[in-house]
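Residue-level structure breakdown
Chain by chain, the residues:
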Amino acid sequence: MAPKHLIDPHAHFHWSGSRDDFARYNASRLRAGQTMGITYHVASILGTWGRTSPTYFASPADVTAGNDAMYAIALDEPARVRSFVHVNPNHTAHALAEIERGVARGAIGVKLSASRRADDPLLDPIAADAGARGMPVLHHIWQHRQREWGMQEASDAIELVRLARRHPGTNFILAHIGGGGDWAHTLEVIRDQPNVYPDTSGSGVDRGMLDAYLEVIGARRLLWAADLTLCTGLAKLQALEVVGLPQEALDDVCWRNATRIFPRNSFPGT
Amino acid sequence: MTMHRVPVDVSAWIGAYPFRELPHPDPDVLVRVLGRERIGQAWVGSLPSVWHRDPGPSNAWLYAQLGPHSDVLLPSPTVRPDWPRWEQTLDEAVARGAPSVRLYPMQVGLGASSGALAAVVSGCAERGLVVQLTVRFEDLRQRHPMDSASDLTAAHIRACVRTDARAQVIVSGAGRDLIEETHWSLTPEEQARLFWDFAWVWGPPEDHLEHLIRTLGPDRFVFGGYWPMRLIQTPLATFSLLGAYLPAVTISAADSIAAAARKSAAG
């Protein structure tokens, strides 16, 4: 049994400002995505990915340049790529302006990296604006952050849920339950917060993770995704196909939930 | 007749993991999973023994558990190099048909220059046993605070390969950096006795596995599924995504490595 479509709501690309082999990297993602059956990559570029300002604390100029590069890729690949608008909430006015500019360029979601703790009031205008536009906010999350980590102001599910409670009209994608930290902690924190949708991406492929999420929050809130490692994304897709999910639930996880939380008509053909 | 996608999985364990619940880490479940994924056999270690002071009782449990499945699951007992009577553990491994034994120097605090580690590696070489080393069980970012052993180092791997010219070594759980650091720090003869499972090597879009196969050659790699810790589909998926770049790549068959170890010992 395979899903009817496959939407990756947590993808990334590179550009000439972020790495020299960006064309190879981008082509590899698209080629592997085609092999896997990915219908749409919903992607962001995080500034220069550390070249001229830190990945998770990208300068306003780098945020804008990375977003422009992302919109160009989406323009080149209209049949399979959609854009997030990436913002750094430490620069509120710039972030709000970038969202407005991004919507005009076709962005369908807001990407927050680890620039500011998720429950900080600085995020409120961004979350409110995204909600008003019907766009989900994808937030980089450390699963059970027990200490500070360098080069980021990481948040965990506790902090994202605080933000989500303040903005019940906005949907939040909790990034990469396989992306480091303790996914079991996250699951217990978000189980009763209906506007938080965890994505399965990340290099982590622990046995038991997908089963636990499906059991506790159900197929209507889980989003299949790949992030930086399509190989682990494919493994999780294959695992979903063998756990005995009904077709309806498999389709929810793999694409239908994404069509529900992104703006209407974001994914023609689904 | 079943056509196997992979003849041997060298990185499987059974038993409980001390830091989180694993679903059904049992031999009959492993046999079922191998069948589903069309994998012929698995070399299987005892997961609890990794953290036991004396792995002896856990090895006995391993042999008992695998006995009913001996056509599919081959034992790979744990040897603690600084524990008395390891020679008997190796002798029993040979008598029980084990293709390999597993050493966990980081979990028992042995440095790369440990004489005990070198002695056990030579003991394995004399008996035709493959030496298996494990870099890690979980990502550094998710480990329990009491799971404080560092990842296996290149220095440990080099020491094991260099200590005996007959030693055949398989390393599980390495990423591209450790593989390259180690491989290019060895002579061609030493490189030829060192094998890597690619369970933790990334596929696209970074394409680390493709890069390593192009630069080191496919015969340096074996299949390891990391069951019951991780989804066994992961290395299968990574390998399947190679197809667009490197069609018809054939990795090393673990049983041929075991045969080479026995041949070296006999010679």
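Residues numbered from 1 in each chain as written. Chains lettered and ligands numbered in written order. Predicted model: local features only at pLDDT ≥ 70, side-chain atom pairs only at ≥ 80, totals over all residues.

**Some words on the sheet that holds strand 1 (residues 7-12) of chain A**
Sheet strands line up and pair through hydrogen bonds in the backbone, either parallel or antiparallel. Residue and element names in this part refer to chain A. Strand order in the open sheet formed by seven strands is 1-2-3-4-5-6-7, with parallel pairing between adjacent strands. Looking at which strands have only one partner, the edges of the open sheet turn out to be strand 1 and strand 7 (196-198). Each strand of the sheet is rotated relative to its neighbour by a mean of 30°, with strand direction disregarded. Both strand 3 (residues 81-87) and strand 4 (residues 109-112) contribute to a ladder of four bridges, which runs parallel. Across the sheet, residue V85 finds its bridge partner in strand 4, namely V110. (Pairing = 2+ DSSP bridges. Helix = DSSP H or I, 4+ residues; strand = E, 2+ residues; numbered from the N terminus. Axes fitted to C-alpha atoms, helices over the stretch in contact; angles between N-to-C directions.)

**Examining the environment of B:I232**
Here B:I232 lies in the loop between strand 9 (221-222) and helix 9 (233-241). Ignoring any residue separated from it by four or fewer positions in sequence, one finds B:I232 in contact with B:V33, B:E37, B:G225 and B:W227. (Contact = placed C-beta atoms within 7 Å.)

**Digging into the sheet that holds strand 4 (residues 78-79) of chain B**
All names here are of chain B. Pairing is parallel across the open sheet formed by six strands, whose spatial order is 4-5-6-7-8-9. Of all the strands in the sheet, the pair left with one neighbour each is strand 4 and strand 9. Where strand 7 (residues 169-172) and strand 8 (residues 194-197) come together, three bridges link them in parallel fashion. What sits directly across from V169, in strand 8, is L194.

**Quick look at the packing of helix 1 (residues 22-36) of chain A against helix 8 (residues 230-242) of chain A**
Residues and elements named next belong to chain A. Relative orientation of the contacting elements helix 1 and helix 8 amounts to 10°, with a least axis distance of 11 Å. What the angle tells us is that helix 1 and helix 8 run roughly parallel. Only L230, L234 and L237 of helix 8 make contact with helix 1, whose side of the interface consists of R29, A32, G33 and M36. For the contact of helix 1 with helix 8, the per-class residue count stands at five nonpolar, one polar and one charged. (Parallel < 35°, antiparallel > 145°, perpendicular 65-115°, else oblique. Nonpolar A, V, L, I, M, F, W, Y, C, P; charged D, E, K, R; others polar.)

**A look at the pairing of strand 5 (residues 100-103) of chain B**
Residue and element names in this part refer to chain B. Along strand 5, one buried face is formed by S100 and R102 and the opposite face, lined by V101 and L103, is buried too. By the bridge criterion, two bridges tie strand 4 to strand 5 in an arrangement that is parallel. Each bridged residue has a counterpart across the sheet, and for T78 the counterpart in strand 5 is R102. A crossover connection joins strand 4 to the parallel strand 5 through helix 3 (residues 86-95); in handedness this β-α-β unit is right-handed. (Buried ≥ 20, exposed ≤ 12 C-beta atoms within 10 Å, placed from the backbone. Right-handed = clockwise from strand over helix to strand, strands pointing away.)

**Observations concerning helix 2 (residues 56-66) of chain B**
Residue and element names in this part refer to chain B. When we look at burial in helix 2, the residues that qualify are G56, N59, L62 and L66. All buried residues of helix 2 project into a common sector of 110° when viewed along the axis, lining one side. When the buried face of helix 2 is taken as reference, the exposed residues oriented beyond 90 degrees from it are P57 and A64. Tucked into the core, helix 2 has its buried residues touching helix 1 (27-36), strand 2 (39-46), strand 3 (73-75), strand 4 and helix 3. (Arc of directions from axis to C-beta.)

**A closer look at the environment of A:G180**
With respect to the helices, strands and loops of the structure, A:G180 is situated in the loop between strand 6 (172-174) and helix 6 (183-190). Sequence separation between A:G180 and A:S203 is 23 residues; the distance between their C-alpha atoms is 7.9 Å. Residues within four places of A:G180 in sequence aside, it is in contact with A:W142, A:Q143, A:G202, A:G204, B:D139, B:R141 and B:Q142.

**What to know about unusual backbone geometry**
All names here are of chain B. Here the residue pair P204 and P205 is connected by a cis peptide bond, since its omega of 5° sits within 30 degrees of zero. By the element assignment, P205 lies in the loop between strand 8 and helix 8 (208-216). Each neighbour pair has its own omega, and for W227 with P228 the value is 10°, a cis peptide bond. For P228, the location among the structural elements is in the loop between strand 9 and helix 9.

**A few points about the interface of chain B and chain A**
Taken residue by residue, the interface counts 22 residues in chain B and 25 residues in chain A. In terms of residues, the side of chain B that touches chain A owes the most to one element, helix 9 of chain B, which gives five residues.

**Here's the deal with the packing of helix 3 of chain B against helix 4 (residues 115-127) of chain B**
If you want to describe how two helices pack, look at the angle between their axes and the distance between the axes. Residue and element names in this part refer to chain B. At a closest axis distance of 10 Å, the pairing of helix 3 and helix 4 adopts a crossing angle of 30°. Between helix 3 and helix 4, the crossing angle belongs to the class labelled roughly parallel. The chirality of how helix 3 crosses helix 4 is right-handed. Contacts between helix 3 and helix 4 pair W86, E87, L90 and V94 from the former with V120, G123, C124 and R127 from the latter. (Left-handed = near helix turned anticlockwise from the far one by under 90°.)

**What about the confidence of the model for chain B?**
Counting all residues, the mean pLDDT for chain B is 96, and 99% of those residues have values of 70 or more. For this predicted complex, the interface confidence score (ipTM) comes to 0.96, while the overall pTM stands at 0.97. (pLDDT = per-residue confidence, 0-100.)

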